Amino acid sequence: MPGVVADEIELQIGANRGGDAPSRDGGGDGDRGDGQIPAYRRASVTGITLALGGILMFFLALTSSYIVRRGVTTDWQPVPLPRLLWANTAVLLASSVTIEMARRALRRGAEDAFRNLWALTSGLGVIFVAGQLLAWRELRAEGVFLATNPSSSFFYVLTGLHGLHLLGGVIALVYVALKSWQGSRVGQATGAEVAAIYWHFMDGLWVFLLLLLTLGR
Amino acid sequence: MRKRKACKGSTPIAAAFAVVLVALTVITTYLFVAKTWWFPPAITDVGHEIDAQFMRTLWITGIIFILAQLGLAWVIFRYRGRGRDQRASHFEGNAGMEIAWTIATVTLFVGLGLYGQDAWAKVHYQEAGAGALQIEVTAQQFAWNFRYAGPDGKFGRIKPELVSASTGNPVGLDRTDPDGKDDIVSPIIGVPVSREVELVLRSQDVTHSFFVRELRLKQDAVPGMLIHIHFTANQIGDYEIACAELCGLGHYRMRSLLRVMSQVDYDQWLKETAANQ
Amino acid sequence: MASHAEVVHVHVHTAPTGFIRKYVFSVDHKVIGIQYYLLALFSVFLGMSLSLLMRIHLVWPALHLPFTPGGQMTPEQYLALLTMHGTIMVFMVLTTAPQSGFGNYFLPIQIGAEDMAFPVLNMLSFWTTFVSLLVMVAAFFVSGGAPIGGWTSYPPLSALGEIVGPGQGAGQTLWIVGLAIFCAASLLGAINFITTTIDLRCKGMTLMRMPLTVWAWLITAVLGLLAFGVLLAACALLLLDRSLGTSFFVPGGLVVTDQVITWHKGGSPILWQHLFWFFGHPEVYIAILPGMGVASHLLSTFSRKPIFGYRAMVYAMLSIGFLGFTVWGHHMFISGMSPYSAFAFSLLTMSIGVPSAIKTFNWLGTLWGGQIRFTTSMLFALGFVSLFVSGGLSGLFLAQPAIDLYLHDTYYVVAHFHLIMGVAAIFGIFAATYFWFPKMFGRFLNERIGKVHFWLTFIGVYSIFMPMHFLGIAGHPRRYADLTGVQYLNGLIPVQRFISIAAFITIGSQLLFLFNFLWSLWGGKKATEMNPWEATTLAWSIPSPPPFDNFAGHIPTVYRGPYEFAVPGARQDYVPQQLTPAEVATGEVSSGPTVKA
């Protein structure tokens, strides 16, 4: 007797399998028994990848502005990059490691390990942002503000916008941890995967921006 | 089965559509041929080359326009529905035709573009010659001012703090600079005929654009930049200068005059203008 | 635990109840599509009113017009109308209705999905767009009024604040903020469209069986995803220049009405132009591609013939999308940019004419040998082809820098972009409306009023915009608030008058459409059949309007391409995508809401 189990709703897309039409793509590949619909799990990963494409273009526009502005101006004064930035970078890189460990823990079913590593990652993310703000404070103490010169403008803009995006990532991590995943189209594992992809991207983006600021100084 | 209405009524509407398209084609073609509203005659050699490229483009696009609109009119009328029980022909495409008209269009369009490089090169790839008459053009909200170097051939320093339209120093000329003592600032631009002129465009506030129809010349004056353009006018007369980049509420009245004169008249004009400094 | 063979169909989201969940904060792509469409409908009438005021003022400047406090319209009021007209039309009409309006409604249905991939995100996208419209319109009501820098908002004019002009204070700030919000909303929408198309196609719906409308929406979404981030960055930098003293776009040493600007140095106004047009050029393809998809769709359906060269059409749209990112410099030939780059941009721009020409040939090829049915939607689709040809060909002049030297910033440009965007794209929207209205609302738009609307509009728009080419050729600059400044414009005033009269009549005719639309929502002829147009795509296999999950739990399987008309040996002159081969052979169709006899 078919029934709907309360805790795991099995959903099917494209279950109308009539006809013999060949199909190379499209949904309808059924449930893998983990409470998730493959099409929607794929969709979540596609979605975050596309979002990162949009965010990448945003930062590429800023990067090319940086390069152009550097070329046209005579008033470019190199910004003394606070050493703290390197410590912050280490923190962020560490958080990429921990989020990856957390994600795999969840896949294995090690719920406790996942929760701890996930919380650790969020903490590291907050520490990173705090560290960035401290770095800003250092610069301000040296008299380098947003409008001081074009180089400093870009420094604050790039680090500030990256920091904002990373804060968004922290919020996403908290959301994944606290949300009730019952009755959802995808499982927590997918949510964690999506958040992790975003997180790794923000990590890589930071490394890129740091290199840009260092080399372009 | 439901009864379907016979599709007899398509002739009037198909005919009407075809007529409208034909009328559009005829009227548009006529207006381009009759040149009722057209370019003023060009007064530079490169201007004539630009006109020639325009005509080349007009011929090609004109023929395509006529063929396409009339072709559309024809298929609309010829293939109007004759009844719901009539079947259309079934073909899904023609690879040969696709390749053919792709090659044709690429050749035509890119070829046309390459052909037009000559005129562009003459305007922009080549700099003004060494003996060109140098005139500095200063754009501001909402006036044009033109500066001549005077007998010493040198332009004096410009200082933003000295700009004062009300006390007669619209470009901010530093009269204490020896080079600037004999500079001549004029609200209109005078040039001798058949002499190469080099303009150095600058702007005091926002982006403006220097446009003289008869020269077939337009160039933005961008704050923070000194942009060089050159021309040789070969016809005496007065030609209006208009601003061609939105610069604020007075954009529409930011005009001046290009006066092309004989060498004698030009020298006279320059002397009189200098006396009025 | 239920076994696979016996799994019960449980829908992803149950039907919403309550007015707010059903019609206001709905996650149903169909409701959201209608919301976007209504936003666009409001915006287009707002935009047209602004341009009507502009046109009247230009040729009858002594008239006292409504909404101009103080009597006669001032130049800055004209420029504010101009700025907001362009902004509202480009963003709130042409970037919403064709893509977020019809695309939202019909993309999932045409690919056999129950909704977009991310319904909540979809709802967020709409309401964010709505907020952006509010913020933009608010610019009219703040001190100083709306900005006067044009929809392109070039700095330093847009960066220096009120000292360079009225409206450049709070008005300009609201404009930038509104636009930035719109960018975010568009990015969210793009993510949804692309993901849905990639991941949620039903069985049998291969890429090469997707309707051309789906291809158009997909490519448009990719353009949006890659372009709006750049505009967002530009807006952020401009806001910083305005309010926090940075100098990305503003050089030093400026003097505005004798006052030296000391708080800026070293910026580049051209940098803004690069950023803006890197977005701006793909934006115009975002505006036109859905219309091309609709035109292809309708031309095939109402010629009762397959689209000519389906693959070529797909490749052409892909090329247009790709090349669209490489040509932005053609807006900047005169800007002070390197003349060598200018020439490179020119060749790329001439090349983009090639796929456009291929599409036109294929549209003609689709009509050739057809049995054309002249429904109102078909009339607009045919009109689209004519307008696309006209608008596209004039681009060939502007693409050449030597000719653009003269025509740049004249009415020639205004003619070009209006024909291609302000008319052809609009015709795409009209065609889609008359075609899909019965499916969306269960009632037809009145065909007779529709045809009158078509003729008045078609003749009207050509009357407005064809003469503008000649104004440009005669050297008439654009964005002029008044025609009495430059003397050589005197001889052109009669042409301007003709244009204004034509505009008055054409804009008035749109009231016919509005009346038709509103009246038909409740009083139009009922669309009792599922497939009144005898079309082939999945939308026409479901009731009008569709159930909340589109297919009532029976996701279709697709067996053939989207334009199977006039198939030799078939019983009818069309074969829907979802009929099984057995159903086609026997003419007997299995029961269920997905198919009809």
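Residues numbered from 1 in each chain as written. Chains lettered and ligands numbered in written order. Predicted model: local features only at pLDDT ≥ 70, side-chain atom pairs only at ≥ 80, totals over all residues.

Caption draft 1: Structural view of the overall build of chain A. Counting its regular elements, chain A contains five helices and zero strands. The linear arrangement of helices and strands in chain A, starting from the amino end, is α-α-α-α-α. Put simply, chain A has 217 residues, and 41% of those count as buried. Nonlocal contacts in chain A, meaning residues at least 24 apart in sequence, comprise 75% of its contacts between residues at least 6 apart. (Helix = DSSP H or I, 4+ residues; strand = E, 2+ residues; numbered from the N terminus. Buried ≥ 20, exposed ≤ 12 C-beta atoms within 10 Å, placed from the backbone. Contact = placed C-beta atoms within 7 Å.)

Caption draft 2: View of the overall build of chain B. Along its length, chain B carries five helices and 10 strands. The C-alpha radius of gyration of chain B comes to 28 Å, more than 25% above the 19 Å expected for a compact globule of 277 residues. Reported as C-alpha extents along the three principal axes, the dimensions of chain B are approximately 95 × 35 × 35 Å. Looking at chain B residue by residue over its 277 residues, the buried ones come to 40%. Sequence-distant contacts, at least 24 apart, represent 72% of the contacts inside chain B between residues at least 6 apart. (Rg over C-alpha atoms; globule rule 2.2 N^0.38 Å.)

Caption draft 3: Geometry of the environment of C:Ala62. All names here are of chain C. Tracing the backbone through its elements, the reader meets alanine 62 in the loop between helix H2 (29-59) and helix H3 (75-94). Since 8 C-beta atoms lie within 10 Å of it, alanine 62 is described here as exposed. Residues alanine 62 and methionine 73 lie 11 residues apart in sequence; the distance between their C-alpha atoms is 8.3 Å.

Caption draft 4: Main features of the sheet that holds strand S10 (residues 255-261) of chain B. Residue and element names in this part refer to chain B. Strands sit in the order S4-S10-S9-S6-S7 across an open sheet of five strands; the sheet is mixed. The open sheet terminates on both sides in strands that have one partner only, identified here as strand S4 (189-192) and strand S7 (217-221). Each neighbouring strand pair of the sheet contributes to a mean axis angle of 20°, computed without reference to strand direction. Relative to S10, strand S9 (residues 237-243) runs antiparallel, the two being bridged by six bridges. (Pairing = 2+ DSSP bridges. Axes fitted to C-alpha atoms, helices over the stretch in contact; angles between N-to-C directions.)

Caption draft 5: Examining the nonpolar core more closely. Membership of the largest hydrophobic core comes to 330 residues, with the highest contact counts inside it found for C:Ala234 and C:Ala431. When residues of this core are assigned to their parent elements, the largest contribution, 24 residues, is made by helix H7 (residues 212-243) of chain C. Apart from the residues within four sequence positions on either side, C:Ala234 is in contact with A:Ala61, C:Trp272, C:Leu275 and C:Phe276. (Core = buried A, V, L, I, M, F, W, Y, C linked by C-beta atoms within 7 Å.)

Caption draft 6: Just the domain arrangement of chain B, in detail. All names here are of chain B. The domain architecture assigned to chain B consists of domain 1 (10-82 + 96-123) and domain 2 (130-275). If you look at the interface, domain 1 gives 10 residues, while domain 2 gives 10 residues. For the side of domain 1 that touches domain 2, the class distribution of residues is seven nonpolar, two polar and one charged. (Domains from an automatic or database assignment. Nonpolar A, V, L, I, M, F, W, Y, C, P; charged D, E, K, R; others polar.)

Caption draft 7: Quick look at the packing of helix H13 (residues 411-441) of chain C against helix H14 (residues 447-473) of chain C. All names here are of chain C. Their axes nearest at 7 Å, the elements H13 and H14 cross at an angle of 165°. Classified by the angle their axes make, H13 and H14 are roughly antiparallel. For H13 against H14, the interelement crossing comes out left-handed. For the pair H13 and H14, contact is made by Tyr411, Tyr412, Val413, Val414, Ala415, His418, Leu419, Val423 and Tyr434 and by Gly450, Val461, Phe465, Met468, His469, Leu471, Gly472 and Ile473, respectively. A per-class count over the contact of H13 with H14 returns 13 nonpolar, four polar and no charged. (Parallel < 35°, antiparallel > 145°, perpendicular 65-115°, else oblique. Left-handed = near helix turned anticlockwise from the far one by under 90°.)

Caption draft 8: Highlighting the interface of chain B and chain C. Chain B puts 91 residues into the contact, and the matching count from chain C is 97 residues. Among the elements of the structure, helix H1 (10-34), helix H2 (45-78), helix H3 (95-115), helix H4 (117-125), strand S6 (208-212), S7 and S9 of chain B are those that each provide at least two residues to the side of chain B that touches chain C. The element best represented in the side of chain B that touches chain C is H2(B), accounting for 13 residues. Considering only residue class, the side of chain B that touches chain C consists of 47 nonpolar, 29 polar and 15 charged.

Caption draft 9: Unusual backbone geometry, seen in detail. Residue and element names in this part refer to chain C. Cis geometry is adopted by the peptide bond preceding proline 156, which originates at proline 155 and carries an omega value of 0°. Looking at where proline 156 falls in the secondary structure, it is placed in the loop between helix H5 (119-138) and helix H6 (170-199). Backbone geometry places aspartate 409, a non-glycine residue, at a positive phi of 60°. Even without a glycine there, the phi angle at alanine 566 is positive, about 50°. Locating alanine 566 in the fold gives a position in the loop between helix H15 (493-523) and helix H16 (581-586).

Caption draft 10: Seen up close, the sheet that holds strand S5 (residues 196-203) of chain B. Residues and elements named next belong to chain B. Strand order in this open sheet of five strands is S3-S2-S1-S5-S8, and the pairing throughout is mixed. A strand with exactly one partner marks an edge of an open sheet, and here the two such strands are strand S3 (184-186) and strand S8 (227-232). When the angles between neighbouring strand axes are averaged without regard to direction, this sheet yields 25°. Here S5 pairs with S8 via six bridges, running antiparallel.

Caption draft 11: Quick peek at the arrangement of the chains. Counting contacts across all two pairs of chains that touch, the top-ranked interface belongs to chains B and C. Spatially, chain A is disjoint from chain B: no contact exists, and the shortest C-alpha separation is 10 Å.

Caption draft 12: View of the environment of B:Arg202. Residue and element names in this part refer to chain B. Within the secondary structure layout, arginine 202 lies in strand S5. The exposure class assigned to arginine 202 is buried, which follows from the 22 C-beta atoms found within 10 Å. Separated by 64 residues in sequence, arginine 202 and threonine 138 place their C-alpha atoms 5.1 Å apart. Not counting residues within four places of it along the chain, the set of residues in contact with arginine 202 comprises Glu136, Val137, Thr138, Ala221 and Leu226.

Caption draft 13: Structural context of the environment of A:Arg104. Structurally, the position occupied by A:Arg104 is in helix H2 (residues 84-108). With 15 C-beta atoms counted inside 10 Å, the residue A:Arg104 sits in the partly exposed group.

Caption draft 14: Quick peek at H7(C). All names here are of chain C. With 32 residues, H7 should cover 46 Å at 1.5 Å per step; its first-to-last C-alpha distance of 45 Å lies within 8% of that length. Along H7, the largest kink reaches about 25° and is centred on alanine 227. Of the residues one or two after H7, glycine 245 is the one with positive phi, at around 75°. (Expected span 1.5 Å × (residues − 1). Bend = angle between axes of the 7 residues up to and from the residue.)

Caption draft 15: Here's a closer look at the packing of helix H1 (residues 38-72) of chain A against helix H4 (residues 150-178) of chain A. Residues and elements named next belong to chain A. Contact geometry for H1 and H4: axes closest at 10 Å, N-to-C directions at 170°. With respect to their mutual orientation, H1 and H4 come out roughly antiparallel. Residues Ile55, Leu62, Tyr66 and Arg69 of H1 pack against Pro150, Phe154, Val157, Leu158 and His165 of H4. For the contact of H1 with H4, the residue count by class is seven nonpolar, one polar and one charged.

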